[in-house]
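Fold and contact review
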Protein chains: 2
Amino acid sequence: MNIAPDYSAAYIILKTDIPDLEGHGHTFTIGRGNEICVKAIESLSDAIKGKYLDDITNNWLEFYYSIVNDSQLRWIGPEKGVIHLATAALFNALWDLKAKYERKPLWRLICDMSPDELIAIIDFKYIEDALTKNEALEILLNNYDTREQRIQIITNDGYPAYTTSAGWLGYSIDKLKSLCRKAKQENWKYVKFKVGTNLEEDINRLTIAREILGEDIILMIDANQVWSVNEAIDWVNSLKIFNPWFIEEPTNPDDILGHKKIRESVEPVMVATGEHCHNKVMFKQFFQANAIDICQLDSCRLGSLHEILAVQLLAKKYNKPICPHAGGVGLCEYVQNLAIIDFVYISADLDGRVLEYIDHLHEHFIYPSKIKNGAYIIPTANGYSATIKKEAIEIYKYPNGSFWIQNIEK
Amino acid sequence: MNIAPDYSAAYIILKTDIPDLEGHGHTFTIGRGNEICVKAIESLSDAIKGKYLDDITNNWLEFYYSIVNDSQLRWIGPEKGVIHLATAALFNALWDLKAKYERKPLWRLICDMSPDELIAIIDFKYIEDALTKNEALEILLNNYDTREQRIQIITNDGYPAYTTSAGWLGYSIDKLKSLCRKAKQENWKYVKFKVGTNLEEDINRLTIAREILGEDIILMIDANQVWSVNEAIDWVNSLKIFNPWFIEEPTNPDDILGHKKIRESVEPVMVATGEHCHNKVMFKQFFQANAIDICQLDSCRLGSLHEILAVQLLAKKYNKPICPHAGGVGLCEYVQNLAIIDFVYISADLDGRVLEYIDHLHEHFIYPSKIKNGAYIIPTANGYSATIKKEAIEIYKYPNGSFWIQNIEK
């Protein structure tokens, strides 16, 4: 489906009058269309220029609503597509700024908040038929006293991760074999493979993968939405022999009832989706309908913490593990924070939780995410972890970066 | 919800090398955010510049897929929000161009096509679990021989319409009374009222409306998404005494399961939604779940004929009447064509079908939609009916039109 990605980002730098204090945030795209997100961010920027940080962060939700409920901009969403990607970027930058200002990693900033403080930043509009504020508060209160124990666990062991590096379509058989051997050497316990272009080739590739990885490593498959509902059912059932843990994005991301039908027809293979799930109202329904098993929320598509925490609390109530979408540009950097918050304060559980990792583009970040023994090492730098190096921005900034000048001259 | 609309449009003119042959199309917005749609249209424009019309219209669906399945642009949708609004505008302009080239009104161009020709332009991707191509073909074949009889009926009687003119929130009681009297004098059989800000005021306004309109005129209510699911149920049940035919947009437009719960809890009041329903996969589920009674599709939000015909065929199969959303900028002009196509070729039924009409901004169109005795007069001019006058474009074009120059100077 995503046949020719050209990884891009609409990137915001919020400048302040404190020397060197900046908030960085972005939304991820795969090429053309990035310019439309930039335009949308420009349209939102009047709402924030000249504001005091305290005026925003003393009443986060009021400021969030001033953006997502803007009566005119709402028409071109609401809370979906370009305008919501721009909202994600803006609030990712604001939370980065707040965490840097408080000199904490984002996950620590959130975990240090009281249950009442946390509830006050979460957007419950349109989801209270599934999860009331009181139910959410109870979840947070139950975990409040034991947060440090769980922080200790993941500080010692890291947060469990999986790799997609071996699984891309279009790799030669030799490259597939060598990447599977590498994944095994690096102690990955989970490996994900793209499927859906050609059934015979999928069977061939997964046969080889199983031979090299053995039966102990958990294997997942990802179709990137290429199938209709009934195609998905037939195809996944043909791949059941490889014992995949889950099928990711079997069909259109808006099709809640389609996922439900697929889920009921491919058991015991689990169904995962979320990187294209555009807001909390959609996730609410995926949970209410019992249409998916695993929630792969995206840190650059949802409205940052205000919406992500709502989805994490919904997932807790409906007993659905969250395995956030990562890869892209800076997604690994973002979602490590979200996974920690989820474990420490919300789900309090690592069972069935595993965080995507793709070893790609990390060199451009000041504090890149790091992996050891198939697990994320807990980030310790202040902020929301996805600040791109000044040099990389100078080179890749469109259209005036040196990379683009050279390529446009060609 | 839409507290301060500033009716706008991202407007396309496709120019050709035939003198005076242009295709005009747009997507409607309510103010800020229009500039983001314009940017998205600019991003799509490379796909069409320099092309032969025949190369597109001999294989409509291939060209449509080249836009909606563009692997990079798809990331910022797919088929939702700004990028899909831009797609709607582009294909509205292309269909206007084709109809003008063939010297027919759009509805006539479509109704003159054979069932096979029509099937070939419809996007069935992701909906065949609900409606197969063969089922769709059967619907069209059943109506093929009797099309001219139905064209005769609506040529004589017009297509039934309803008015929202009396129903806006914020009007004084005196203005409400005089508009209700006017609606009755003009022979409107259906009148719609906005509700949802204050229950006591709603009851007061609807009491006055019922007194003036009497019991024979059908009354509808519209909440513009302001309620959560449970609020909607309580509020609508409090307004049941006024015997409303339907409640429009009771809650978030993405909430299929929420609408289902509301529908089951406010019977016999029907539930209508659609002006914010972003694609055919969402409508498919609203029908599959029996979550709504009336489909209010939007001509500037769906992917023009390629997607709208798919939704109309789904609605026919699931026995849901379509009452398209109108008003805005040029929506009445567009949807009169869609309602005619639906009656002539798809639903073959007027029962429960009624087309929104708002008497607003029609003076800017070359061939504005016209009403007589509470019904649309069938349009006869060539094209898709929504071509704005050159003078109006000169005055209101942003930012260089004379209107804007005067207002910016102020």
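Regarding the packing of helix H9 (residues 173-185) of chain B against helix H10 (residues 199-213) of chain B
All names here are of chain B. Packing of H9 against H10 brings their axes to within 9 Å, and their N-to-C directions diverge by 35°. In terms of crossing hand, the pair formed by H9 and H10 is right-handed. Contacts from Ile173, Leu176, Lys177, Cys180, Arg181 and Lys184 of H9 reach H10 at Arg205, Ile208, Ala209, Ile212 and Leu213. Tallied by class, the residues present in the contact of H9 with H10 amount to 7 nonpolar, no polar and 4 charged.

Observations regarding the confidence of the model for chain A
For chain A, per-residue confidence averages 96 on the pLDDT scale, and 100% of positions sit at 70 or higher. Under the prediction, the complex receives an ipTM of 0.97, its pTM being 0.97.

A short note on the interface of chain A and chain B
Taken residue by residue, the interface counts 49 residues in chain A and 49 residues in chain B. Secondary-structure elements contributing two or more residues to the side of chain A that touches chain B are helix H1 (34-45), helix H4 (81-101), helix H11 (229-239), helix H12 (256-266) and helix H13 (280-288) of chain A. Residue contributions to the side of chain A that touches chain B peak at 6 residues, all from H1(A). Looking at the side of chain A that touches chain B, its residues break down into 21 nonpolar, 19 polar and 9 charged.

Looking at the packing of H4(A) against helix H4 (residues 81-101) of chain B
It is at 3 Å that the axes of H4(A) and H4(B) come closest, and there the two elements cross at 155°. Looking at the two axes, H4(A) sits roughly antiparallel to H4(B). Here A:Gly81, A:Val82 and A:Ile83 of H4(A) come into contact with H4(B), specifically with B:Gly81, B:Val82 and B:Ile83. Counted by class, the contact of H4(A) with H4(B) contains 4 nonpolar, 2 polar and no charged residues.

Concerning the relation of the copies chain A and chain B
Expressed as a screw transformation, the operator carrying chain A onto chain B has a rotation angle of 180° and an axial translation of 0.0 Å, and the superposed copies differ by an RMSD of 0.0 Å. The transformation relating the two chain copies, once decomposed into turn and shift, fits a two-fold axis. If distances are taken from each C-alpha of chain A to the rotation axis, the shortest is found for A:Gly81, at 2.2 Å. Comparing interface residues between copies, 100% of those in chain A also lie at the interface in chain B; the contact surface is shared.

Quick look at the environment of A:Thr380
Relative to the helices and strands, A:Thr380 resides in the loop between strand E11 (375-376) and helix H16 (390-396). For the pair A:Thr380 and A:Cys37, spaced 343 residues apart in sequence, the C-alpha to C-alpha distance is 30 Å.

Overview of the pairing of strand E3 (residues 159-163) of chain A
Residues and elements named next belong to chain A. Of all 5 residues in E3, 5 are buried; the element is thus mostly enclosed. Every second residue of E3 is oriented toward a common face, with Tyr159, Ala161 and Thr163 on one face and Pro160 and Tyr162 on the other, all of them buried. With 2 bridges joining them, E3 and E11 adopt antiparallel strand pairing. Looking across to E11, one finds that proline 160 is bridged to alanine 375. Pairing between E3 and strand E9 (residues 355-357): 3 bridges, direction parallel. Bridged to threonine 163 within E9 is tyrosine 357.

Topic: H1(A)
The end-to-end C-alpha distance of H1(A), which contains 12 residues, comes to 16 Å, matching closely the 16 Å that a straight helix rising 1.5 Å per residue would cover. Buried within H1(A) we find A:Asn34, A:Ile36, A:Cys37, A:Val38, A:Lys39, A:Ala40, A:Ile41 and A:Ser43. Among the structural elements, strand E1 (8-15), strand E2 (22-29) and H4 of chain A together with helix H1 (34-45) and H4 of chain B are those in contact with the buried residues of H1(A).

What about the pairing of strand E5 (residues 218-222) of chain A?
Side-chain positions along a regular strand alternate between the two faces of the sheet. Residue and element names in this part refer to chain A. The buried count for E5 comes to 4 of 5 residues, which makes it a mostly enclosed element. The pairing of strand E4 (residues 190-194) with E5 spans 5 bridges and is classified as parallel. Bridge pairing links lysine 192 to methionine 220 in E5. Each parallel crossover has a hand, and for E4 linked through helix H10 (residues 199-213) to E5 it is right-handed. In this sheet, strand E6 (residues 246-248) lies alongside E5 in parallel orientation, the contact comprising 2 bridges. Pairing of isoleucine 221 across the sheet is with isoleucine 247, part of E6.

Reading guide: rules and limits
- Within each chain, residues carry numbers counting from 1 in the order of the written sequence.
- For this description, chains carry letters from A and ligands carry numbers from 1, given in the order in which they are written.
- It should be noted that, the model being predicted, local features are given only for residues of pLDDT at least 70 and side-chain atom pairs only at 80 or more, the latter also being counted only at that level, while totals for whole chains, interfaces and linings use all residues.
- Axis lines are fitted through C-alpha atoms, for helices just across the contact stretch, and the angle between N-to-C directions can take any value from 0 to 180 degrees.
- In this text, helices come from DSSP runs of H or I with a minimum length of four residues, and strands from runs of E with a minimum of two, each type numbered from the N-terminal end.
- Rotating anticlockwise by less than a right angle from the far helix to the near helix defines a left-handed crossing, while the corresponding clockwise rotation defines a right-handed one.
- Contact criterion: two residues are in contact if their C-beta atoms, reconstructed from the backbone, are within 7 Å.
- Residue classes follow a fixed rule: Ala, Val, Leu, Ile, Met, Phe, Trp, Tyr, Cys and Pro count as nonpolar, while Asp, Glu, Lys and Arg count as charged, and any other residue, Gly among them, counts as polar.
- Think of pLDDT as the predictor's per-residue confidence, scored from 0 to 100.
- Roughly parallel refers to an angle under 35 degrees, roughly antiparallel to one over 145, roughly perpendicular to one between 65 and 115, and oblique to any angle outside these ranges.
- Residues reaching a pLDDT of at least 70 in both copies supply the C-alpha atoms on which the copies are superposed by least squares.
- Exposed residues have 12 or fewer other C-beta atoms within 10 Å of their own C-beta, buried residues have 20 or more, and residues in between are partly exposed; the C-beta atoms are placed from the backbone.
- By this definition, two strands are paired if DSSP reports at least two bridges between them.
- Here, expected helix span is obtained from the residue count minus one, scaled by 1.5 Å.
- Here a crossover is taken to be right-handed if, once the strands point away from the viewer, the path from the first strand over the helix to the second is traced clockwise.

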